[in-house]
Amino acid sequence: MVNYTPNIGVCYYPEHWPEDQWQSDAERMVQAGISQVRLAEFSWSKIEARRGEFSWGWLDRAVEILAQAGLSITMCTPTATPPKWLVDEMPDMLAYDADGRPRGFGSRRHYSFAHKGYRGESRRITRLIAERYGQHPAVTAWQTDNEYGCHDTAISWCPAARDGFRLWLADTYQTIDRLNDAWGTAFWSMRYASFDEIELPHLTVTEANPSHTLDFYRFSTEMVRQFNAEQVDILRQLSPGRPIAHNYMGMFDQFDHRPVAAALDIASWDSYPIGMLQNMASVGAPDTDMLTDCLRVGDPDFQAFHHDLYRGMGRLWVMEQQPGPVNWARTNAVPADGAVRMWSFEAAAHGAELISYFRWRQVPFAQEQMHAGLCLPDGRDAPAMKEAKQFIDEAGQLSWDAPSSAKIALIYEYEASWMAALDGQSADFSHLRLVLDVYRAIRQNGGSVDIVGSAADLSGYSLIIVPAVMTVSDKLADALHQSTAKIFMGPRTGAKTANFQIPANLPPGNLQSLAGFVIEQIDALPANQPVSCKWRNHAGRLHIWHERGQLMTGASAEGETESGLPLLIHNDRTSYLTGWVETGLMTLICAEQMRDAGLDVHEMPEYLRVRQSGDMLIFTNYGPRPVTIPDTFSGRLLLGERILPPAGVSILSSDN
Amino acid sequence: MVNYTPNIGVCYYPEHWPEDQWQSDAERMVQAGISQVRLAEFSWSKIEARRGEFSWGWLDRAVEILAQAGLSITMCTPTATPPKWLVDEMPDMLAYDADGRPRGFGSRRHYSFAHKGYRGESRRITRLIAERYGQHPAVTAWQTDNEYGCHDTAISWCPAARDGFRLWLADTYQTIDRLNDAWGTAFWSMRYASFDEIELPHLTVTEANPSHTLDFYRFSTEMVRQFNAEQVDILRQLSPGRPIAHNYMGMFDQFDHRPVAAALDIASWDSYPIGMLQNMASVGAPDTDMLTDCLRVGDPDFQAFHHDLYRGMGRLWVMEQQPGPVNWARTNAVPADGAVRMWSFEAAAHGAELISYFRWRQVPFAQEQMHAGLCLPDGRDAPAMKEAKQFIDEAGQLSWDAPSSAKIALIYEYEASWMAALDGQSADFSHLRLVLDVYRAIRQNGGSVDIVGSAADLSGYSLIIVPAVMTVSDKLADALHQSTAKIFMGPRTGAKTANFQIPANLPPGNLQSLAGFVIEQIDALPANQPVSCKWRNHAGRLHIWHERGQLMTGASAEGETESGLPLLIHNDRTSYLTGWVETGLMTLICAEQMRDAGLDVHEMPEYLRVRQSGDMLIFTNYGPRPVTIPDTFSGRLLLGERILPPAGVSILSSDN
Amino acid sequence: MVNYTPNIGVCYYPEHWPEDQWQSDAERMVQAGISQVRLAEFSWSKIEARRGEFSWGWLDRAVEILAQAGLSITMCTPTATPPKWLVDEMPDMLAYDADGRPRGFGSRRHYSFAHKGYRGESRRITRLIAERYGQHPAVTAWQTDNEYGCHDTAISWCPAARDGFRLWLADTYQTIDRLNDAWGTAFWSMRYASFDEIELPHLTVTEANPSHTLDFYRFSTEMVRQFNAEQVDILRQLSPGRPIAHNYMGMFDQFDHRPVAAALDIASWDSYPIGMLQNMASVGAPDTDMLTDCLRVGDPDFQAFHHDLYRGMGRLWVMEQQPGPVNWARTNAVPADGAVRMWSFEAAAHGAELISYFRWRQVPFAQEQMHAGLCLPDGRDAPAMKEAKQFIDEAGQLSWDAPSSAKIALIYEYEASWMAALDGQSADFSHLRLVLDVYRAIRQNGGSVDIVGSAADLSGYSLIIVPAVMTVSDKLADALHQSTAKIFMGPRTGAKTANFQIPANLPPGNLQSLAGFVIEQIDALPANQPVSCKWRNHAGRLHIWHERGQLMTGASAEGETESGLPLLIHNDRTSYLTGWVETGLMTLICAEQMRDAGLDVHEMPEYLRVRQSGDMLIFTNYGPRPVTIPDTFSGRLLLGERILPPAGVSILSSDN
């Protein structure tokens, strides 16, 4: 485990600029406090313009100039953008969309993870670049490919995927009868006589069998895992000792990241707070006030959530940090003054070792020409430059510890997100939105959270939150049964078996005795028709999802809906939440869960958030107005004031 | 005509459950009061796992167990779900969507009605199952296939349909010049030189010729008719004396049901009140209050409308009755307490001989695992079980007569619905919504209605309503001209010839002399820009559609729009409504039509509805609050009280 | 230059009607004051039912009957609707949609401009019809094809287009390296090794390179230009002395009209005010009040804008004028009483020589049977007939001059519209909506405008408006630098180079020294989140788009946003508007621009508009209530009163 004193980095594309600019670029990077430069992830056609015709010189020279300036390099495999000549050689390498059409050359990520030919090409170019730069002293880290799955590319509906899926199914189930049982093909006469009869689960008359789709998603994750692992194996061999990263994204669940991350050292992600807020409507609209108040800073919990999520999979880097307006959201506002500095401090607070800004200089051509950089297209500093510099100067004055575990674990499973969508009782249910609502409620009580998978060691936590973990593995069930922590679960936890069937004992299945509740009926409500409820003299509303059922012996209900149905079930040290309660009540319920777990609760003003990092409490203000740190926080100010301006940061020396 | 003392039934899938459960299932069915069990409509691959390899034993044993328990069986042809091996044998049997893509295996209804090969397979499997069970004493009825047209499958845009359509056109028109004249191909240079030049009316640059599309819809209906009739012919031969049903759907007009129903004995339908209310937005949104107030019971007129519609085509069964939350609407709420009982009574009130719940036990796997049954997946009773039992117990105490004709006939034509959509003056016009608005207005005045086709015998009616019957057949025109009943027609009645042309004498064409009005211009308004109007001191609004024209000699106008244009035209015993008036005014206008026809009018409280059945007046409360039966209804209470709770039912002995 | 004393015309389809009606039709046309009849644009299959089998007789006779009645004829080439036999001969002549699917026969415009085979057929049929009627004395004008581009047909994604595009690129760039530089293919590894590698810019994983797309749009315009020019060459040769027109559309920018218009004499367009208002939502919704108030007359500036736009490309005709409800908008209301007369006067006011109503008689069959004509389908006059007659009678009493240039030039470029959309910073930005907002603001100040292209002679203007001209040609830049007029530009003016790159000196590029402003950041805002601003004590709002940057020496800022950023930059005789201000403030700012240019400003009441034509000031009232001409207008009334009723027209003899 390395120390995570934060550093700053940048994404740089020497291939976009005249070679005579490289030297001054490198010098200005150093002056700005940058220490790490990412290179070459979209450079394949510049390296190999035709098969076997290589041009390494430009990259050799770029590496040397950066190295001479004292910069470290994150070298990338360029597999996200195979050249046109390669696509023309093997057109069936293209990914296919869900409508069954090839997704052509002309932008990026135009390949299927399941295509054996392209997998060979991926290994070939990885080997070549690793052979050339793997032992270079300035190359201190690697990134595989770029943003796996971006633009819905984790899943390809192509012939190569179909063929691979059949083999994967045969390998998984061994006999077709086992598959027929697992999928329940007795329903609608869907029985298969052999694995070769199985198609991809799309273009059906009405919805495909959800077990079939779930398996295809799992297969698709396995293809991403193999693709990544093949590159990693080569890099480990040819570039020993360098940590390897991949740059994940925000709000992206189309493959299970953990099997991929298992082969890597660093779990980095690309953080674009403003664009993400615009796009959050796709997972259930944030409330209107937040859309307006946070237009120029982003959702106050979204970045933190992803820092915590990815830190659970490896060393945390922010590989791409938004430095100004981006070009890809519905609309693209300019960040608030101070936002770039605030985002950087927040990342560091959550354990990021590196905050790497995307990109050095705004490029004046092609698809992303309106995406800001640290420099304007004419080379002058863009507004973000001084905020990056300010951050690294201020951060350097502070004493950072390696991130310690929080006392609260929130279990997030990618498969649960797929399953919640496949089990289509409600078009208004977003798994990510529910999990984020719970995470937000904890933060509104001043809590710090670790986000972990089902297989994590849960022994150190005081409070374990299990929201909508649709399938509970035996390992997780055992851990929860044996845990002495406070457990807060539901709704939808344990709703399905691993094969996407309703558990024989009804949900929450293997957590039923823990929950003390047997779920018999789902009341899936239109989002605009919530139900009133009350809990301990607090009135509130429950929306979208509510579960009805029977209390088991020993369990008790607390709170009720307008028709008298139970809201929260208590059973020994476990609480089961039967529905999706709206923000106000969710915050109150979470506060009690925290208190029951022996944790401090702080009533945070709107948009103020805090994260503990070692001895520091790092506060951020995502709101449009100044806010004051509550009196319940004591300690010495290390940075800023107790009143934070918009986009402000303050740090208290922790004494509790 | 059989007596329709209501019975209850259930849909049962022995193929989903271990054989050792079947016996206890049968016994519990009998205990619940169930007498009829539907079997096997999705069982093909269980019967014939590979071509010619038959497994009849399981079905033989299921039939015996049910028969031994005293249950009657509705046996089904399993053609809605052809097995994968069959699709692989003849991939061109698949239906194609309007975009020209095959709709693949993996769910259900993956076949084209026009495919000759599949038609042969349909006859083959029908013959086999009829040979085996046709004479079994417990098999008392048949169902052909399942939900013809579900998931937009009545119309297939496949090569087999194109080839069949050309032959059908040649047969219909005999010479290409007749077709050119009928379609008006002089327009836009669309002239055809031979039937072989004709394509399906899709994938054109802008909209296709509406006469062309109308003929393709008619051809598609003919394919459904033939498909069904072929099965019926075999069943009549091999299972004599058993009535044959098909289970239609709600809000579904994609084929003309009457030619299909003509070959059958029973017109059954699948009634899902809650899901249907959610989906009604697709035919023009119900008002917001109703969406909220009726969330857990459904639209108060929707079920009644369909009972009346299908009773006009044969003996009425409800083949599938919603027993709890379903899985296929946007969101899926739990029904109100009492709703299952209320729906059952309402069906019986409208003449249903059988109310058959879907399904016996919630199945824990595959696509419909979240669809409730009478039993939970673990076998215990679901909440609906006791309501079904209560219904059959209470119904058994009452004396039911065969349904007598109402005094009001509402003419509904499927082709009119297609034509209203094809004649696209307004994206906001829904034919079904308009007809339902008129039907609702009659019911809000306490009326009972028969819904009939253009060819029906209209002699017994006091009031004949002809709303938007776009093409009026000569037979209907004659019947209306000769009738002595009060006639209430328009808007859009008689708007087109049978070939989808504007009548030479302008609309309402062959009803012009009856209507006393010549329509010259259509004012098609955005739904959110209604026009004020008044009628007999009542202010109201007209929306979406208004017709302008000239009064003929002898006719008089009553009511007017804000710009002084006529609202209602009276001509002798006929009234023509020139526009779509909103609910309040529509109810008042319909009340007068009823009075003019010599019928009683009752002012029904919101959400209270009544249907006469023999000597009984059966009241249902679809609202969220208690309502009182108006004093204008006298008689002895046979069930319930004069104040009905939400989802309540009361029955008065009729004395008027 | 001919005198433009307005005439009226009509579109007539003898092929739709029995021949024995033609004579009386012609006589009634003459009685109505009609002098010009358009013929035959959809008649190909009637002329040539099979290849080489010609039927000219019917058209010969129709021409003779019209000629004998004294009517002049606009003859058309029938290439918009190739017959089915031709499509069957060469199926690859079909246009392909952006999804890559052929757009089939069955409606109209089913051809690709890039298909060499169809281009040959276009020349063949043009030659045949020109040979037959080119020298006929009654044939006084020609129309090529019909509504190029209607239904998104200007751009075809077909193999013929791909092949042609490659050749066009090779011709344009000469070497592939020049293309690589122009497109910036160093980005995302998009480098091409040869022109043969280049695909059409669609079906990519994420957005295609905007330079690539821009070039494909340019190529597509070139195909339209060639197609039209080939017909024109033949017509010039075989029908000398007759002016040639094409009928363009409203709100249509999918090809650059000016290169097409360069080969023609007359720039006519098809004016459907009511349908266009309904469809304007697609370019940013008009405010709700206008949608309601103008439902039956259309947007008060939309028609004028297009008259001014097309008059900038040739002699102005309105080839198709809406005479009643149309059939193709979302909903289709009846026009207000007087609207047809008002639209006709307005067209004449803007310089239209001919207003030709579409169509003579409503056709009772096929796709447009609900589209009104001057006659009802049964032959009687429709309401529009008397308004057309009234217009031509009244217009004949007035003295019309050839249209003189206005003092205000607004520069509109089609490529700018494409580029604004391609540079997707905001889904809420509509180029046409912004330009129309500026045009509206001028008109709300009583101004008259010429709309011209970048290459126009700007010497006579007092005020030159350059709104969002994304790329400024060297010629335009020179003209503006040398002009002594007041210049009002921005936002987005000069934002890109001709290759769709950000200018090296940053926007507004070659107008930077004129503007006195360097644009560094775009603040692209959601339409529902405007920013408050003020200008000279006037409060207002800025929405959707705002540019931030640096003032250059000598420039000054006026007005500011809520965060203090500059709104309007003054630099010598130039003003640069940094954002999209809403209507109220836009009108005030434009008033000052007009005053600074020495022009009169009138404060027009809502919905009242005026256009100067020679010595006449022609007023129109697009509002639902009477309005009064302001006292600032003096002069003698030539028509109407100073108070205009809804849809009213008044004319003052100009004395200023």
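Rules behind the numbers
- Within every chain, residues take consecutive numbers counted from 1 along the sequence as written.
- Chains carry letters from A onward and ligands carry numbers from 1 onward, assigned in written order.
- Since the coordinates come from a predicted model, pLDDT governs what is reported: local features require at least 70, and pairs of side-chain atoms require 80 or more to be given and counted, while whole-chain, interface and lining totals use all residues.
- Side-chain measures here rest on the full set of heavy atoms in the structure, leaving out hydrogens and waters.
- We call two residues in contact whenever any of their non-hydrogen atoms come within 4.5 Å of each other.
- Defined here as a combined quantity, buried area equals the accessible surface (1.4 Å probe) lost by two parts on assembly, summed across both.
- Any pair of N or O atoms that falls within 3.5 Å is considered a polar contact. Within protein, one atom must be able to donate a hydrogen and the other to accept it, and sequence-neighbouring residues count only if both atoms are side-chain atoms.
- Secondary structure is summarised from DSSP: a helix means a run of H or I of at least four residues, a strand means a run of E of at least two, and numbering begins at the N terminus for each.
- For this classification, the nonpolar set comprises Ala, Val, Leu, Ile, Met, Phe, Trp, Tyr, Cys and Pro, the charged set comprises Asp, Glu, Lys and Arg, and every other residue, Gly included, is treated as polar.
- Where each domain begins and ends follows an automated or database-derived domain assignment.
- To estimate how far a helix should reach, multiply one less than its number of residues by 1.5 Å.
- Overlaid copies result from least-squares superposition on C-alpha atoms, with residues included only where pLDDT is at least 70 in both.
- For this document, the term salt bridge refers to a Lys or Arg side-chain nitrogen within 4 Å of an Asp or Glu carboxyl oxygen.
- When two cysteine sulfur atoms are found within 2.5 Å, that pair is recorded as a disulfide.
- Classification of residues uses two cut-offs on accessible area relative to the type maximum, computed with a 1.4 Å probe and protein chains only: under 20% is buried, over 50% is exposed, and between them is partly exposed.
- Any Phe, Tyr or Trp ring, taking Trp's six-membered ring, that has another such ring centre within 6.5 Å forms a pair; planes under 30 degrees apart are called stacked, those over 60 apart edge-to-face, and the others tilted.
- Values of pLDDT, ranging from 0 to 100, describe the predictor's confidence in every residue of the model.
- When DSSP locates at least two bridges between a pair of strands, those strands are taken to pair.
- If you view a crossover with the strands going away from you and the path from the first strand over the helix to the second runs clockwise, you call it right-handed.
- Only the stretch in contact is used when a helix axis is fitted, and all axes are lines through C-alpha atoms; the angle between N-to-C directions ranges over 0 to 180 degrees.

**Quick look at the interface of chain A and chain B**
Part 1: Taken together, the contacts link 45 residues of chain A with 54 residues of chain B.
Part 2: For the pair chain A and chain B, the summed buried surface comes to about 4300 Å²; carbon and sulfur atoms form 54% of the total.
Part 3: It is A:Phe187, A:Trp188 and A:Val205 that lose the most area in chain A upon contact with chain B, and together they represent 19% of the buried surface on that side.
Part 4: Seen at the junction of chain A and chain B, the total is 23 residue pairs in polar contact (both at pLDDT 80 or more).
Part 5: Looking at the side of chain A that touches chain B, the elements that each hand over two or more residues are β15 (517-524) and β17 (538-551) of chain A.
Part 6: Considering every element that reaches the side of chain A that touches chain B, the biggest residue donor is β15(A), with 6 residues.
Part 7: The residue makeup of the side of chain A that touches chain B, split by class, is 22 nonpolar, 12 polar and 11 charged.

**Points about the domain arrangement of chain A**
Residues and elements named next belong to chain A.
Part 1: Here chain A is described as being made up of domain 1 (3-153 + 219-401), domain 2 (408-596) and domain 3 (613-653).
Part 2: If you average the C-alpha positions of domain 1 and of domain 2, the two centres end up 35 Å apart.
Part 3: Each side of the interface is counted separately: domain 1 has 29 residues, and domain 2 has 18 residues.
Part 4: Among the residues domain 1 hides against domain 2, the three largest losses belong to Arg258, Asp301 and Phe305. Together they make up 33% of the total.

**Some details on helix α6 (residues 159-173) of chain A**
Residue and element names in this part refer to chain A.
Part 1: Counted at 1.5 Å a residue, the expected span for α6 with its 15 residues is 21 Å, and the 21 Å between its end C-alpha atoms agrees.
Part 2: Residues of α6 that are buried make contact with α7 (176-183) and α8 (210-238).
Part 3: Backbone geometry just downstream of α6 places glutamine 174 in the positive-phi region, at approximately 65°.

**Looking at the relation of the copies chain A and chain B**
Part 1: Mapping chain A onto chain B is achieved by rotating through 120° and translating by 0.0 Å along the same axis, at an RMSD of 0.0 Å. Within this description, the copies of the chain are treated as partners about a three-fold rotation axis. For chain A, the minimum C-alpha distance to the rotation axis belongs to A:Asp99 and amounts to 6.2 Å.

**Some remarks on the interface of chain B and chain C**
Part 1: Listed by partner, the interface residues are 45 residues for chain B and 54 residues for chain C.
Part 2: Taken together, the two surfaces of chain B and chain C that pack against each other cover about 4300 Å², and 54% of this comes from carbon and sulfur.
Part 3: The interface formed by chain B and chain C holds 5 salt bridges in total.
Part 4: Note that B:Glu199 is salt-bridged to C:Lys84, the shortest N-O span being 3.0 Å.
Part 5: Elements supplying a minimum of two residues to the side of chain B that touches chain C: β15 (517-524) and β17 (538-551) of chain B.
Part 6: Of the residues in the side of chain B that touches chain C, the class split is 22 nonpolar, 12 polar and 11 charged.

**Overview of the state of the cysteines**
Part 1: In total, this model carries 0 disulfides over all chains according to the counting rule given.
Part 2: Just so you know, B:Cys158 is unpaired, no disulfide at all, and the nearest cysteine sulfur is the one on B:Cys150, 18 Å from it.
Part 3: Cysteine C:Cys590 shares no disulfide, and the gap to the nearest cysteine sulfur, in C:Cys533, comes to 14 Å.
Part 4: Judged by its relative accessible area of 0%, C:Cys590 is buried.

**Description of the packing of aromatic side chains**
Residues and elements named next belong to chain A.
Part 1: Taken as a whole, this structure holds 108 aromatic pairs over all chains when the rule is applied.
Part 2: For the pair tryptophan 56 and tyrosine 133, a centre-to-centre distance of 6.0 Å together with 65° between the ring planes defines the contact as edge-to-face. Taken together, the residues span a long stretch of sequence, with tryptophan 56 in the loop between β4 (53-54) and α3 (57-68) and tyrosine 133 in helix α5 (residues 116-133) at a distance of 77 residues. Considered together, tryptophan 56 and tyrosine 133 belong to a single accessibility category, that of buried residues.
Part 3: Between the aromatic rings of phenylalanine 216 and phenylalanine 219, the centroid separation amounts to 6.1 Å while the plane-to-plane angle is 20°, which identifies the pairing as stacked.

**Comments concerning the confidence of the model for chain A**
Should pLDDT be low for a region, the predicted coordinates there are not to be read in detail.
Part 1: Of all residues in chain A, 98% have pLDDT values of 70 or greater, and the mean over the chain is 96.
Part 2: For this predicted complex, the interface score ipTM comes out at 0.97, alongside a pTM of 0.97.

**Examining the pairing of strand β27 (residues 649-653) of chain C**
All names here are of chain C.
Part 1: Among the 5 residues that make up β27, 5 are buried, leaving the element largely enclosed by the rest of the structure.
Part 2: Burial of the side chains of β27 extends over both faces: Val649, Ile651 and Ser653 are buried on one face and Ser650 and Leu652 on the other.
Part 3: When strand β23 (residues 616-621) meets β27, the two strands line up antiparallel, connected through 5 bridges. Bridge assignment links leucine 617 to a residue of β27, and that residue is leucine 652.
Part 4: With 2 bridges connecting them, strand β25 (residues 637-639) and β27 associate as antiparallel partners. Paired with leucine 637 across the bridge in β27 is leucine 652.

**Points about unusual backbone geometry**
Part 1: That bond from A:Pro507 to A:Pro508 is cis: its omega, 0°, falls within 30 degrees of zero.
Part 2: Relative to the helices and strands, A:Pro508 resides in the loop between β14 (486-489) and α18 (512-515).
Part 3: Cis geometry marks the peptide bond from B:Gly490 to B:Pro491; its omega dihedral reads -15°.
Part 4: Along the chain, the position of B:Pro491 falls in the loop between β14 (486-489) and α18 (512-515).
Part 5: Positive phi values are uncommon outside glycine, yet C:Glu147 reaches one of about 50°.
Part 6: Phi at C:Arg536 is positive, roughly 50°, even though this residue is not glycine.
Part 7: Turning to its location among the elements, C:Arg536 is positioned in the loop between β16 (531-535) and β17 (538-551).

**A look at helix α15 (residues 414-422) of chain B**
Part 1: Of all the residues in α15(B), the buried ones are B:Tyr414, B:Ala416, B:Ser417, B:Trp418, B:Met419 and B:Ala420.
Part 2: Considering only its buried residues, α15(B) is in contact with α8 (210-238), α9 (257-261), α12 (302-311) and α16 (431-444) of chain B.

**Notes on the environment of A:Arg166**
Residue and element names in this part refer to chain A.
Part 1: Topologically, arginine 166 is positioned in helix α6.
Part 2: Owing to a relative accessible area of 16%, arginine 166 belongs among the buried residues under this scheme.
Part 3: With residues up to four places along the chain from it excluded, the contact list for arginine 166 reads Phe195, Asp196, Glu197, Ile198 and Glu199.

**Some points on the pairing of strand β13 (residues 463-466) of chain C**
All names here are of chain C.
Part 1: Residues Leu463 and Ile465 of β13 are buried on one face, and the alternating residues Ile464 and Val466, pointing to the opposite face, are buried as well.
Part 2: With 3 bridges connecting them, strand β11 (residues 408-411) and β13 associate as parallel partners. Bridged to leucine 410 within β13 is isoleucine 465.
Part 3: Note: β13 against strand β14 (residues 486-489), 4 bridges, orientation parallel. Note on β14: the bridge partner recorded for isoleucine 465 is phenylalanine 488.
Part 4: Crossover β13 to β14 through helix α17 (residues 474-482) is right-handed.

**Digging into the sheet that holds β25(C)**
Two pairing modes exist for strands in a sheet, parallel and antiparallel, and in both the strands are linked by backbone hydrogen bonds.
Residue and element names in this part refer to chain C.
Part 1: On the basis of which strands lie adjacent, the open sheet formed by 4 strands has the order β22-β23-β27-β25 and antiparallel pairing. Sheet topology places β22 (608-613) and β25 at the edges, where each strand pairs with a single neighbour. Taking each pair of neighbouring strands and ignoring which way they run, the sheet shows an average axis angle of 30°.

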